[in-house]
Each structure stands twice: as C-alpha cells, then as structure tokens.
Amino acid sequence: MEFRVDRQTLADAVAWAARTLPSRPALPVLAGMLIEVTDQGELTLAGFDYEVSARAREDADVAEPGRALVPGRLLADIVRNLPPHPVEVATKGSEVVVRCGPAEFGLLTLPVEDYPTLPEPPAVAGTIPGDLFATAVAQVTPAAGRDDTLPMLTGVRIDIDGDTMWLACTDRYRIAARELTWSPAEDGFTAGVVVPARTLADTAKAIRRDADVTISLGGAGDTLIGVSGGNRSMTSRLLDDQYINYRSRLTGTWTSVAEVRVAPFVETIKRAALVTERGTPVRLAFTADELRVSAATGDSARANESLPVRLSGDDIDIAFAPQYLLDGLAGIDTEFARLECAGPTKAALLTGIPDKKDDEDAPPESDTGFRYLAMPVRLTS
C-alpha cells in the first residue's frame, strides 16, 4: 500500500473515523483504524466497535493499492500535528510509514485479517439537508437521558410518516421534539426507531452543513441505521424501539401564555443562576406586562431582575432548574419565545414564535416545529 494525500484532507478523514474508536476495546484489533486504497484513487478510513462504524472516503494519489490496520488514536494524534505539507503513507514490512515534509513516523501494524467486517447500511429511506438535520439533532439531544440503565432514554426517537419526520428525546423530566419535512425515497414510507443520542449528535455535528444527509433504514426487525453525507458515513445499532407517546404530551389546555424576547431572557437566567446551587431553581413570576426572575441560595446570596413580557391568561409563579430553561431556549432561533403553562406544578411548553416575514401578504406561521416540555420545580414558599 502506498499513497499521497493532502494533509488537511487526511486529518479530517482520520478525525471522522476515529470518533468510533473505543477507549477500552474488547478486542485489540478494535483499537485499529482500517486504511484502504484502491487503484481507482479512492482512500477509505474506517473505525468500528461492534456498535457504531464510521467511514470517510477521499481521493488520493495511489501508487499501490492495499489495506492496513494501524493504532487509530495514535494515527489521529500524529496526523493532527503534522506540518502543512502533503502526506505520503506506505507499508514497509510490519510498519505503516507516514511522511510529511521533514517528519516521519512508523506505526506497527495490527493483524488486518482479524478485523471484523464493517456493516453495510440498510436501504436508503430518504434525504434531508445537512444544516436542517444538524440543527434539529442539536435542538433535541440536550434532553436525552444519561443513565445507561435506561437505554431508551439515552436515545433519539425518530418517527417518519411520509415526508414528515419527528425527532424527540426525554429524560423523564423534559421532552424536546422537532418536527420537520424531509424527502423520503418512497411515498408513504413510515418508521419508528431509537438511535443512541450521543452517536447521532456527534454524527450530525461532523457532517458538512452544505451536504445532503442520507438516512438508511431497514424494515421491521432491522437493527441498524445508516447516516451519510459529504463522503462521510456511519452505521449504528438501534436501541429498543419502545418509547413513550411524547406527541400526546406536547398538547394541552394552557391557562397562562407568555411571550418574551429570547436573548435578554437567556442572559437574565444566566445571571440569576450565578447564585444558585445544585438543585436550586430559578423562579419566574409572570404578570400582565412583567416577568420577575429571582433565585437565592439560603441567606447567602440572591438575585432579582425584571423583563418586559406579554401575558395572556392568569398570572403565574413557576420555577425551573436553570439549565433546563437554557437548554430549551438554546433550541429557539427566533426573536421571541412562547411559554405556555397550566399551573405552577404542571409541565410547561416552550416554543419559538416565527419571526415576521418580509412579505406582508404571506400567512403567518404558527410554529417553528420545535417544542420543549419541562417539569417545574415545586415552590416551597
């Protein structure tokens, strides 16, 4: 095996493939990164841990096709620190030699014949713009659970019905969901799967925003999802597809509806959170035209600040964990947000209010597609 490739191109591809490398591999070969080059000038780098696979494909000047398995994390560290010159990679005996300008490294190869066969993705289900996919995944994944003893809660639920896709996460105390439109490969396609949230978030963040993302899903009983775009692809094992009926919980009868400007609301919550300790909530007191934000830690510190607000319905005094509020507001990219409440002890719904369009004749949109439901903290006084 021998090839030559641009240093930055190699660095980006290696970084993508290294994302799946386990820190404590069950088998020594799983710590390896597979390098393959063909006589058609295609370079493929791959990592696999039996749960998630990642592949990056790039063009290279290939002098001799072949494949090799090298310590993946070490290769990633080396390539990331190479000088800005073209990189030459070649196998010599039991080593893979990496040369870049005056720098040369030799990496002892791992037995490539022992490396497991990489899984192939299921059939293509449809496509979605990369920027839309990345935004939607970033909006919902902060609400995913972190407790691995409840695997369902650590995943992103993806529901597809024709050209409508829903993404949702919950940790039992909040639900973040995003509805969006995508392009299915077949009319009437339906699916409901749960994908590990950390894997999907890393993938969505790393795929180029200007590339269309292809989603691959099989039929009932299939255990894999594939996501690809911009010469990058991954497969992941699915989690148990049982999930709560989250959509039914995102509707309700609201007795108080407040509209507030997002940017100052975020800054006010951050300031109030400075005096809170772990588990201490931020208190929101809504009246017709004012929102008072307050927080305190016993008698040692307190914060109070007011904001203009427009409230419809009853005055309400409600409290939330500050990070829960900030996670929800981070998913809103409009100027104003809407907080809908049904009482100080019932879950409240946070949504974005679509910005006004330049075209005055265009009908106003009622929803941005993002919904964030959070349980309040019970006030003691």
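Cut-offs applied
Residues numbered from 1 in each chain as written. Predicted model: local features only at pLDDT ≥ 70, side-chain atom pairs only at ≥ 80, totals over all residues. Heavy atoms only, no water. Salt bridge = Lys/Arg side-chain N within 4 Å of Asp/Glu carboxyl O. Helix = DSSP H or I, 4+ residues; strand = E, 2+ residues; numbered from the N terminus. Buried < 20%, exposed > 50% of the residue type's maximum accessible area, 1.4 Å probe, protein only. Phe/Tyr/Trp six-rings, centres within 6.5 Å; stacked < 30°, edge-to-face > 60°. Lys NZ or Arg CZ within 6 Å of the ring centre and 35° of its normal. Patch = residues over 30% accessible without salt bridge, like charges linked within 9 Å, V, L, I, M, F, W, Y side chains within 5 Å. Areas by Shrake-Rupley, 256 points an atom, 1.4 Å probe, with all protein chains shown as cover. Lys, Arg positive; Asp, Glu negative; His and termini not counted. Charge placed at Lys NZ, Arg CZ, Asp CG, Glu CD. Pairing = 2+ DSSP bridges. Axes fitted to C-alpha atoms, helices over the stretch in contact; angles between N-to-C directions. Contact = heavy atoms within 4.5 Å. UniProt positions renumbered as here; feature names shortened; annotations may be inferred. Polar contact = N/O pair within 3.5 Å; in protein donor to acceptor, adjacent residues only side chain to side chain. Domains from an automatic or database assignment. Buried area = accessible area lost by both parts, 1.4 Å probe. Nonpolar A, V, L, I, M, F, W, Y, C, P; charged D, E, K, R; others polar.

J.: Explain the pattern of salt bridges here, please?
T.: Pairing of side chains with opposite charge becomes possible as their charged atoms draw close. According to the stated counting rule, one finds 17 salt bridges in the structure shown. We note a salt bridge from Arg67 to Glu36, for which the minimum N-O separation is 3.2 Å. One end of the pair, Arg67, is in strand 6 (residues 66-71); the other, Glu36, is in strand 2 (residues 32-37), with 31 residues separating them in the sequence. When its relative accessible area of 43% is taken as the criterion, Arg67 is described as partly exposed. Here Asp159 ties to Arg157 by a salt bridge, and the two come within 2.9 Å at their closest N and O atoms. With respect to class, Asp159 is no different from Arg157; both count as buried. Members of the salt-bridge network, linked through shared partners, are Asp171, Arg174 and Asp327.

J.: Honestly, the packing of aromatic side chains in this entry has me stumped. Any pointers?
T.: In this description, an aromatic ring pair is defined by two values, namely the gap between the centres and the angle between the planes. Here the structure, examined in full by the defined rule, presents four aromatic pairs. These aromatic residues form a ring-pair network of at least three members: Trp166, Tyr243 and Tyr246. Looking at Arg174, its charged tip hangs above the ring of Tyr324, at a distance of 4.0 Å from the centre.

J.: I'm lost on a negative patch on the surface in this one. Help?
T.: Judged by side-chain charge, Asp161, Asp163, Glu186 and Asp187 come together as a negatively charged surface patch. The topology assignment puts Asp163 in the loop between strand 11 (155-161) and strand 12 (164-170).

J.: What is the right way to look at the sheet that holds strand 24 (residues 316-320) in this model?
T.: As a general point, the strands of a sheet are linked pairwise by backbone hydrogen bonds and lie either parallel or antiparallel. Strand order in the open sheet made by the four strands is 22-21-20-24, with antiparallel pairing throughout. Two strands bound the open sheet, and with one partner strand each, they are strand 22 (301-308) and strand 24. On average, adjacent strands in this sheet sit at an angle of 20 degrees to one another, irrespective of strand direction. Sheet topology note: the strand 21 (residues 290-297)/strand 22 ladder contains eight bridges and is antiparallel. Residue Val293 lies in a different strand from strand 22, and its bridge partner there is Glu305. This element, helix 5 (residues 262-273), spans strand 20 (282-286), strand 21 and strand 22 of the sheet and lies at about 170 degrees to strand 22.

J.: Quick question: what am I supposed to make of the UniProt feature "domain: DNA polymerase III beta sliding clamp N-terminal" (unreviewed entry) in the protein chain here?
T.: Mapped onto this structure's residue numbering, the UniProt feature "domain: DNA polymerase III beta sliding clamp N-terminal" (unreviewed entry) falls at residues 1-119. As annotated, residues 1-119 has a helix share of 18% and a strand share of 45%, and its two end C-alpha atoms lie 23 Å apart.

J.: Would you explain the side chain of Glu58 in this entry?
T.: Within the secondary structure, Glu58 is located in strand 4 (residues 52-59). The exposure class of Glu58 is buried, given its relative accessible area of 18%. A distance of 2.9 Å separates the side chain of Glu58 from the side chain of Arg232, its partner in a polar contact. The residues touching Glu58, leaving out its near neighbours within four places in the chain, are Thr9, Ala13, Gly41, Glu42, Leu43, Asn231 and Arg232.

J.: I keep staring at unusual backbone geometry and nothing clicks. Help me out?
T.: Most of the time, phi is negative for any residue but glycine, and the peptide bond is trans. One non-glycine residue, Tyr50, lies in positive phi territory at about 75 degrees. A residue is classified by how much of its surface remains accessible, and Tyr50, at 38% relative accessible area, is partly exposed.

J.: So what exactly am I meant to see when it comes to the sheet that holds strand 25 (residues 336-341) here?
T.: Reading across from one edge, 15-11-12-13-27-26-25-19-23 is the order of the nine strands in this open sheet, with antiparallel pairing throughout. Each edge of the sheet is formed by a strand with only one pairing partner; in this case those strands are strand 15 (190-196) and strand 23 (310-313). Put simply, the sheet's adjacent strands are angled 15 degrees from each other on average, direction ignored. Summarising the sheet, strand 25 and strand 26 (residues 348-353) pair through five bridges and their orientation is antiparallel. By the bridge assignment for strand 26, Glu340 is matched with Leu349.

J.: I would appreciate a short explanation of the domain arrangement of the protein chain in the present structure.
T.: A common measure of how large an interface is: the accessible area buried when the components associate. Each assigned domain of the protein chain is listed with its residue range as follows: domain 1 (2-114), domain 2 (124-243) and domain 3 (252-374). The centre of domain 1, based on its C-alpha atoms, is set 28 Å off from the matching centre of domain 2. Buried surface at the junction of domain 1 and domain 2, summed over both partners, amounts to about 1,000 Å²; 42% is from carbon and sulfur atoms. In this structure, Glu58 engages Arg232 in a salt bridge whose closest nitrogen and oxygen atoms are separated by 2.9 Å. Scanning the region where domain 1 abuts domain 2 turns up eight residue pairs in polar contact (both at pLDDT 80 or more). If you list the elements that add at least two residues to the side of domain 1 that touches domain 2, you get helix 1 (7-18) and strand 4. Sort the elements by how many residues they give to the side of domain 1 that touches domain 2 and strand 4 lands first, with seven residues. Residues of the side of domain 1 that touches domain 2, tallied by class, amount to six nonpolar, one polar and six charged.

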